[in-house]
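One-letter residues, chain by chain:
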Amino acid sequence: MQRTDFSAMSRLSADIDLAAEGKATGFLRVPHSVHRSAYGWIPIPIVRLKNGQGPSVLMVAGTHGDEWEGQIGLGKLIRSLQPTDITGRLVILPSANFPAALEGKRTSPIDEGNLNRLYPGSADGTITEQIAYWIEHALLPGFDYAFDFHSGGSSLTYIPSALAPRPDDAARLRKIVGLLKAFGAPISYIAAAPQGGGRTFTSAAARQGVLAMGTELGGGGLVTPASIKVAEDGMRRVLAHVGLLHGAVPAPSPTRLTEIGGDDYYVYASDGGLFEPLVDLGAEVKAGQPAARIHFHHTPWREPDLLAFKRDGLVLCKRVPARCERGDCLFHLATDVSG
Ligand SMILES: [Zn+2]
């Protein structure tokens, strides 16, 4: 049977060999012909470390340009690791949607593309679709593990968390729980289904047979000493856990294993206005408990909308900006895994 080489159809190419031995730093080149640069390309930083045969691990951050913890954490890892520290192969793509990262935005300023909603991408698509296509078809195949470091970005903030979608079989679930426990974020969660309907990095990894774990490390468009510590320590612990990194690693850190289900875990803005949260991150809430008021600044004599939580749970994620539109996510909950 003839197999199609999808990677050959991509216009993108890395200027370093991603399979060779040793450490190399370089760029994924995204051809982009614009007024100031007729034959130019967008340089997306990429790094490879390889030392003999062992696990093959991909670490990605900056899928959303305004999520900084992973981008800073991976930069620290790049500067500190040498091939002799590992056995196997580690490829790091610290700012996957680099144009978005340069602007500090979730989406690309070139095409408004949300990289985590565009997989499997398109070889002939927009810039962001071409990046997605290259990641799914040229980069991901052949890795054993893929880690995708997100945070809440500009509009949300999380208790630093690690997450994975619920797999079909028990053996895979055990492996994923092993990764979540090794990462050691304060919270870990299993999501009922991947967000984005098969268009996320996690879905792309699953299609390519790569075991994937994600994070939500904080957010609010900023970093804190605590969120960076969760990122840095967790990255080293999972690399040791999969057998890639040797030597001293940070001490294990306990995680609370939770899950996220359907719509009743979320609170959305009922109208445009000003969001007044009535609880904070980490609160344990009950079904029916007031969650937020939406104030109407055009008509301040109008009574605010009062929104309630639909179920019991832990407040894992909260909206950051006060201004909101109808349909904006204000909170989501997590619940402890039973049994
Ligand atoms: Zn994200």
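Quick caveat, the model's predicted, so the values are computed rather than measured.

Engineer: What's the story with unusual backbone geometry in this structure? I'm lost.
Structural biologist: Most peptide bonds take the trans configuration, and most residues that are not glycine carry a negative phi. For the bond running from Tyr 119 to Pro 120, omega is 5°, close enough to zero to count as cis. Within the secondary structure, Pro 120 sits in the loop between α2 (98-103) and α3 (127-139). Despite not being glycine, Glu 112 has its phi angle at roughly 65°, a positive value. Relative to the elements of secondary structure, Glu 112 occurs in the loop between α2 and α3. Glu 112 sits in the exposed class, given a relative accessible area of 57%.

Engineer: Sorry if this is basic, but what is going on with helix α6 (residues 225-241) here?
Structural biologist: Residues lying three or four places apart along an α-helix face the same way, a consequence of the helix completing one turn every 3.6 residues. In this model, α6 (17 residues) spans 24 Å end to end at C-alpha, consistent with the 24 Å of a helix rising 1.5 Å per residue. Considered for burial, the residues of α6 that qualify are Ser 227, Ile 228, Val 230, Ala 231, Asp 233, Gly 234, Met 235, Arg 237, Val 238 and Leu 239. Turning to α6, the residues buried within the fold contact β4 (56-61), α1 (68-80), β5 (88-93), β6 (145-150) and α4 (170-183). One or two positions beyond α6, positive phi appears at Gly 243, with a value near 90°.

Engineer: Can you walk me through the coordination of the zinc ion in this structure?
Structural biologist: Protein ligation of the zinc ion involves His 64 (ND1), Glu 67 (OE), Glu 67 (OE) and His 150 (ND1), the donor distances falling in the range 2.0 to 2.3 Å. Note that the zinc ion binds four donor atoms; their angles at the metal cover 58 to 149°, and the shape is irregular. Motif for the zinc ion, donor spacing along one chain: H-x2-E-x82-H. Note that His 64 is positioned in the loop between β4 and α1 and His 150 in strand β6, a separation of 86 residues in sequence.

Engineer: Hey, could you run me through the side chain of Thr 258 in this one?
Structural biologist: Mapped onto the secondary structure, Thr 258 falls in strand β11 (residues 256-260). With sequence-adjacent residues up to four places away left out, Thr 258 is seen in contact with Ile 187, Ser 188, Tyr 189, Ile 190, Ala 334, Thr 335, Asp 336 and Val 337.

Engineer: What exactly am I supposed to notice about the sheet that holds strand β13 (residues 273-277) here?
Structural biologist: Ordered by their spatial adjacency, four strands build an open sheet running β16-β15-β13-β18, and the pairing between neighbours is antiparallel. Of all the strands in the sheet, just β16 (305-308) and β18 (323-324) have a single pairing partner and so form its edges. Direction of pairing for β13 relative to strand β15 (residues 290-295): antiparallel, over a ladder of four bridges. Bridging from a neighbouring strand, Pro 277 pairs with Ala 292 of β15.

Criteria and cut-off values
Residues numbered from 1 in each chain as written. Predicted model: local features only at pLDDT ≥ 70, side-chain atom pairs only at ≥ 80, totals over all residues. Heavy atoms only, no water. Helix = DSSP H or I, 4+ residues; strand = E, 2+ residues; numbered from the N terminus. Buried < 20%, exposed > 50% of the residue type's maximum accessible area, 1.4 Å probe, protein only. Expected span 1.5 Å × (residues − 1). Contact = heavy atoms within 4.5 Å. Donors = N, O, S within 2.8 Å, 3.2 Å for Na, K, Ca; no water. Tetrahedral: all angles 85-135°; square planar, octahedral: opposite > 155°, others 65-115°. Pairing = 2+ DSSP bridges.

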